[in-house]
Structure formats: C-alpha cells, structure tokens
Amino acid sequence: MSKNQFIILTISWCIISFQTAFSQQVKGSITGIEDLSSTIVRLNTTFDSTLVKATFVDSLGQFEFVGLKKGSFFISIESSEALPFSSDSFQIVDASTRISLPVFQLTKRNTAIDEVAIVATKPFIERKIDRVVVNPDAMIGNAGTTALDILEKAPGVMVDVDGNISLKGKPGVQIYIDNKPTYLPQAELAGYLRSLPSSSVGTIEIMTNPPARYEAAGNAGIINIQMKRLKEKGFNGGINLRYGQGRHSRTNNSFNLNYRVNKINLFTSLGISQNNSFQDLTINRYYFTPSGQASSSFLQHSDITRKHGGNSAKIGLDWYASKKSTLGFVLTGFYNPSTEENVNNAQILDGNDVLISRVNANSLSDNKWINGGANVNYSLKIDSLGKELSFNADYIHYTSDHIQTLRNQTDSVDGSFVSALNLYSTLPATIAIQTAKADYVHPLKNNNRFDAGLKTAFVQTNNTASFFDVVNDVNIPNYSFSNEFRYRENTNAAYINYSQDWNRFSLQLGLRFESIVMKGNQLGNPMVQDSSFTRTYNSLFPTAFLLYSLDTAKFHQLIFSFGRRIDYPNYEDLNPFTYPMDAYTYYAGNPYIKPTFSYNFELTYSFKNKISITADYSYVNNLIQETNEQVNNIYYSRPGNFGQQQVAGISISGEQKLAKWLNMNFYSECKNIAFNTSIYGQPLKEQRWYWYIGPTFQFFIHPKLTAELAGSYQTRILVGQFLTIPVGSIRAGLAYKILKEKGSLKLNLSDILYTNQPGGDIRNIANSKANWLSKLDTRVVTLSFSYHFNKGKSMNARQSGASDSEKKRVNTN
C-alpha cells in the first residue's frame, strides 16, 4: 500500500467513526398526485441543503421523520408525476419538539400556469455564507435559453462576444459543472455551455472566495454550475446551432445526449466551432535619451486575421452498482486547428519626427492542439444522514504542433535595402497531467458538518523550439532562438472544513495545505548553455465565513469572508527561451517568475436576496502579469511579478421587477487599484480608481417572445504597466419559443455602437513610452436555434472530476 493510499484510508476511518444521535419528530403529508410510489421526501438543513434523512410516503401520502436533533430544516419532495417542491424552513428547538407540517399540495407536470407559480417562490439570486447562488427557474425569461445565457445575467459575471467569461473584471475564472472541472479550453467551453439548456441547470454558484474544498489556485474565483439532481430515464438531450456574422463569420454548434437504462447511464456531447476574427492593431513607441530628449519613434500598424477551429467530444458512463455506490468513466478530447496571419507596416522616425526608414513584415502561423483525457470516479453514500466518500482520478494529455514563418525587411526612405530577417520555426509541445483526489463529507449533530480531502497531481511538459534562418531557400539553424525545455511538477494537498449553523448565525472555517515542487531544465545548444531550476512551495490557505441575520425573518443579512489564494504561472511561461514576433518585438518566458499570493476580504450586506452591497479588499504579493522591457530599441514582452498590489472597493448587485413586462438586473463596482513595485529598475508607485456598470433589461412581450437590452461601461483601469482607455458596449436580442416551447430561436446584436475597442498607454519603461489601440470584430449579429428533448422518468444525476487548477494553466489558444 502506498503512502497516499494509507493516508486516505486512515483519514476516512477516523472521520467515519463519528456518529450522530437524533431524537425529535416531524410529520407531514402530500396531496395532488395519484401515483405515490416514486415520491421521495427529503429532510435537509437550511444552512447548506445537506441531506439529513430521506423516506417514502405511505399509501395515504403521509411521511414521518424521527430521531432528530435541534436545528433549522426544510422539506424537499421529488416525484416523476409532479414538479419538484421545497417547503419553508422550520425550527426544532429542543427534545420535546413535535412538528405537524401542513399538507403539501404538489403540482402535476405539464401544468404551465402552476409551474410558473412554483418556480417563482425562489429568488433569482440567493446569498449563502460562502457563495452567491443563482436560481435560473426563478426568472421566466430564462426559459428556452442556455447555461451561457444565464451566466451572462449573473451578478459580476461578464461574457464577451466570443464566450470568454470573467468574474468581477478578472479573467481566468474557473468553471465547474457539478463540482468538477469542465476540462475544456475557453472556445470549446463556450460551445459546451451553449449546448446546455437552462431547464437542465439547477443553480449557478459564484464563489469569489472559494472554500477549502476547492483548489487554492485562481484569484478570479470559481463558478460552479449545478445541474438539476433529476435526469430522465430513456433519452434526453439537446442541439444548439449558432451562426454569427461580423466582419468575419463564426459558428458554434453542439449536441448532447443522455440515455439511462436500468443501472447504466450513458452520456455524450459533441461540439464543432469555427471562429474567424480580425484585429486592427496600432502601436506607437517613443524613445528618449537618458536626459529625456526624443531620440526616435516607431509607428506600427498591423492587420491580424485569425481562424480558430474547435472540435470536441465527450463520452461517459455511470454504473449505479447499488443504491449507495456509483462508478463512473469519462473520456474527453478535442482537436483545435488555428491559423493567424499578421501583416504589419511600420515607420521609423528620428528625434525630430523625420522619416528615416520603413519596415514591412509578414508572419504566418499554423497551430494544432490535440487533447485526450480520461476520468475514473467512484462515490459511496455511507448512510442516509449524508456521509459520503468519493474518489476521482484523471489523466490528461495535450499535443501541440506550431509552425511559424516570419519575413521582416527594412528599407530606407528612398526604397533601398537596409536589412532583413527571414525565419522559419517549429514549436512542438506536449503536456501530461495525472491527478487523483479523495473527498469525505460527514454531517455532525446540531447542524454541524465536517469535510476533508486529499489530492495529488503530477505534470510533465516538453517544449522544443527549432528556429532557422532562411537564406536563399536554405534553412540554417538559428541557435539564438532555438531551445528545448523540460518541466516537471508534483503537487500534494489536503484540506479540512468545518461548518456550524445556529438560528441567526452561521460559521464556516477551512484550512488547505498545498505542497508543490517545480523542476525546469533548458537543454543547451552550441550557442546557449543549459540551465535548470528547482523550487518548492509549502503553503497553508485558511478560509473563514461568517453570516449573521439582523432579523428573525432573515431579510437583512451580513456576510463576511476571508481567504488566502495562490496563482501559479502557466507551464509555458516558465520556459526561458525568446522568440521574435517581429524584428522589433520579442516574446520571452521567465524561469524566475514566482507564484502570486493574495489575501482577500469581503463584507456583504444583503436585503431579501434582492440587493447586495459588498465592500472588498485584496492584498496581493508578486502579481503575475505581462511586463514590457526596452533594450536597444527592441521591446521584450514576458510574464513577470509585480511586487505589491492592493485593491479595495465597493460593488452593488440586484434585481428589480419594474413592471409586469419588465425586469432589471444590475451590477456595478467602483474600485481603487494601487501598485507599489519596480519593473526592470523603473518604479511603479501609483493608484487609480475605476468604475464599471452593467445593467440588463428584460422585456416580456408575449409568453413566447422576450427581448433584452443590456450594456456595460468601464472607465480607465490600471493594469500593471498598462493604463487602458474607457470601453463600453450595448447589446440587444430577441428570443422566441417554438416547437411546444422545447426549442427557441434567438437573434442578437452585440456592441451595437462599436465602442468595445481596447487601447491604452504602456508606461514605466526605461527611456521609452508607448500606446496602442485595437479594433476588434465585436459588432456581430448572431442567429441561434436550440432544441432540447426528454422522455422518461426521473433519476438521480452524479458528479465526477479530479483535476482543475492544472487544466487552467494550459494555454491552448
């Protein structure tokens, strides 16, 4: 038996040894349906919806729970004949408590009017102690939409025209489905989320400060999409077709299918996408003498055309071996070919703005990413009180084949030849990730709960960069740029989490330990010596959450959270090699880059789950961001660390029904970003405020026809050496339900005024400054069709997945 297996078994045995005794009684009954045989009644804690006990109703529709401890609970009822039902919460205060619940009137399926009444009982947004929960069914306008559409309406979540997701202005947010990572790069993830009907989404959990169960990596936070706990026997699935036209076309199409028979559940999904876009990029660089006098300038304009294809597949099987144990297997993969052509022209001027030479360059790249992954998962429900043990193991492999040509020529003003650079390069890469984890959940008496888990991960990457100078059609090795880099990483982690719920006060405390060993080795060549590094980080990541209700009705609540987080560099960023993007711009890796550590605090006031006001503060050490250095009039772009960053601000989010036909969701934030660091000897001690606002209006024109008008605006924002210009956008859409409301047609227009065009200044560079402006393909009209079908009786869903932070650090774009 290995050391890790011994630790897992020891912890599991210790946790299972805790037992709970209950003593009170709750009785109730149901009515409204004829077939009672498939009706399940569950008793759950109000604090976090943990299952306490489950039972069936008798022939008269009656049920009973005995042997209970004091606490706050609610009843949930599931039946193949009726819509899901949840009761109001109730209290058990002492050993003498005997509760007779009112008769619960269930609503039969296919009763459209009553269905609307049922789903409206839950608010669209709920505040929990450690997350914000979005209930899609609470908003009528979500019917017939997709999971990505719901995300776009969630507070603090922003989705751009290509489906890229950010949380409170931070990109790189991790997306989970049923507490497992999605295992897809951004483009394929967007297509997959478009394939998930809103009707299959139970809740969306937004965690800006995730609890200890989740990996400590990722300062942007986690969005966890919880699918409805009931899936259908027989066939159910959906198809989503989407075509968009801006200056260039784009299409995202997906299909998913689920089939349940006896103890076997089969599921699969396919995605095909092609996204074509352009970037009209202007960069101006100005150079100065050490005394500050202008010496020269470089004015460059680039036309960049990108074509990104995506082909993804997923197939899985769940075997329900017994009522308590389930074994699952999942295979995933994608093939993403892409090309990019960059045609740029530049002018070089002297200190008096007199033209002295012209530069013409052309760069072509052809890239292919291939991925395959396998997951094995097992879960065991130890008893009806909620004790559960689960195991997950993953193997993921990436292969990249990148070919690039660069032709760069400089001519004098009269057209005579000055110099030329002609390069051909191949940059193959492989990444292999192996992970395994175990999680244990143990509800305790008096609304207590204890969680624990272990994880281990191994990563291997190999990058080879072979550059050649092309002279008279002959390839001559260029050892200045060529290199081979090998990287190995091992991570081991363990966590514990404890929660307690009282009447008006809730507490959750967690602690996660992570140990990571990084080893990098750059192999030498005739011109460059080999080099290597080894780093070890052992870190503790505490989390704390407090919730206090200011009144007994829990209309007014205060929520406090604290967490320590880490961000690791992408694997390829640690490669020390340098390669040219053009003759005057180089990209380089950075083997000396350090992980980012952050301390995050939030205090939120919530009113009836309708309006939330949050004050937050983050203290960040060694923030990983792009840096720029100028050496001999050549710009070097590489990832680097910004020593200290502090972010403080306030945000407000909410929803409001302005009329029977009009709903409004809104989110706004105002924050101060401060840096105290130096970059390549240049001080960066500056702070700036920025403001963001993003309202969404929904118009209910007809039961089958809805419209949406939304927009966003962001002022200038300080991002390391970059100070961006203000950007904003307005989008509008129409949605119409068809095919007995199982399908929908949607027409959307994004960035109507064509104002979402980024740009800004690049500062804090020795003897230089720069600015840039991008024109992107953001004004796009999109027509989409979705159809979702289901047939059969309801059955329970399940979860799987072990690797998440490792996937995030693979850049497949």
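First, a word on what this report is: a plain description of the structure on this page. Just so it is clear, the model here is predicted, and its values are computed rather than measured.

### A few points about the pairing of strand 40 (residues 662-679)
Looking down a regular strand, the side chains alternate between one sheet face and the other.
Now for step 1: When you tally the buried positions in strand 40, you get 14 out of 18 residues, the bulk of the element.
Now for step 2: Here 14 bridges tie strand 39 (residues 634-659) to strand 40, and the two strands are oriented antiparallel to one another. Its bridge partner being in strand 40, S651 is matched across the sheet by E669.
Now for step 3: Count of turn residues in the strand 39/strand 40 antiparallel hairpin: two residues.
Now for step 4: Both strand 40 and strand 42 (residues 696-702) contribute to a ladder of four bridges, which runs antiparallel. Each residue of the ladder has a partner; that of L662, found in strand 42, is F699.
Now for step 5: For strand 40 and strand 41 (residues 682-693), the ladder comprises twelve bridges, and the chain directions are antiparallel.

### Remarks on the packing of aromatic side chains
Now for step 1: Using the criterion set out here, one finds 26 aromatic pairs in the structure.
Now for step 2: Their ring planes at 85° and their centres at 5.6 Å tell us that F722 and W772 sit as a pair that is edge-to-face. Residue F722 is located in strand 45 (residues 722-724), and its partner W772 is located in strand 49 (residues 768-776); the two are separated by 50 residues in the primary sequence. Accessibility classification places F722 together with W772 in one group, the buried group.
Now for step 3: Positioned above the aromatic ring of Y320 is the side chain of R260, whose terminal nitrogen or guanidinium carbon lies 4.2 Å from the ring centre.

### Considerations on the pattern of salt bridges
Any two side chains of opposite charge can pair, so long as their charged atoms come close to each other.
Now for step 1: As enumerated under the stated definition, the model contains 20 salt bridges in all.
Now for step 2: R42 is paired through a salt bridge with E78; the nearest N and O atoms lie 2.5 Å apart. Placement of the pair is R42 in strand 2 (residues 40-45) and E78 in strand 5 (residues 71-78), with a sequence separation of 36 residues. Side by side, R42 and E78 carry an identical accessibility label, which is buried.
Now for step 3: Measuring nitrogen to oxygen at the nearest pair gives 3.5 Å for the salt bridge that ties K671 to D616. Taken as a pair, K671 in strand 40 and D616 in strand 38 (residues 611-631) lie far apart in primary sequence, 55 residues in all.
Now for step 4: Here K671 falls in the buried class, since its relative accessible area comes to 6%.
Now for step 5: By sharing partners, the salt bridges in this structure join E215, K455, R512 and E514 into a single network.

Basis of the calculations
Residues numbered from 1 in each chain as written. Predicted model: local features only at pLDDT ≥ 70, side-chain atom pairs only at ≥ 80, totals over all residues. Heavy atoms only, no water. Buried < 20%, exposed > 50% of the residue type's maximum accessible area, 1.4 Å probe, protein only. Helix = DSSP H or I, 4+ residues; strand = E, 2+ residues; numbered from the N terminus. Pairing = 2+ DSSP bridges. Phe/Tyr/Trp six-rings, centres within 6.5 Å; stacked < 30°, edge-to-face > 60°. Lys NZ or Arg CZ within 6 Å of the ring centre and 35° of its normal. Salt bridge = Lys/Arg side-chain N within 4 Å of Asp/Glu carboxyl O.

Worth remembering: the numbers are spatial, not functional.
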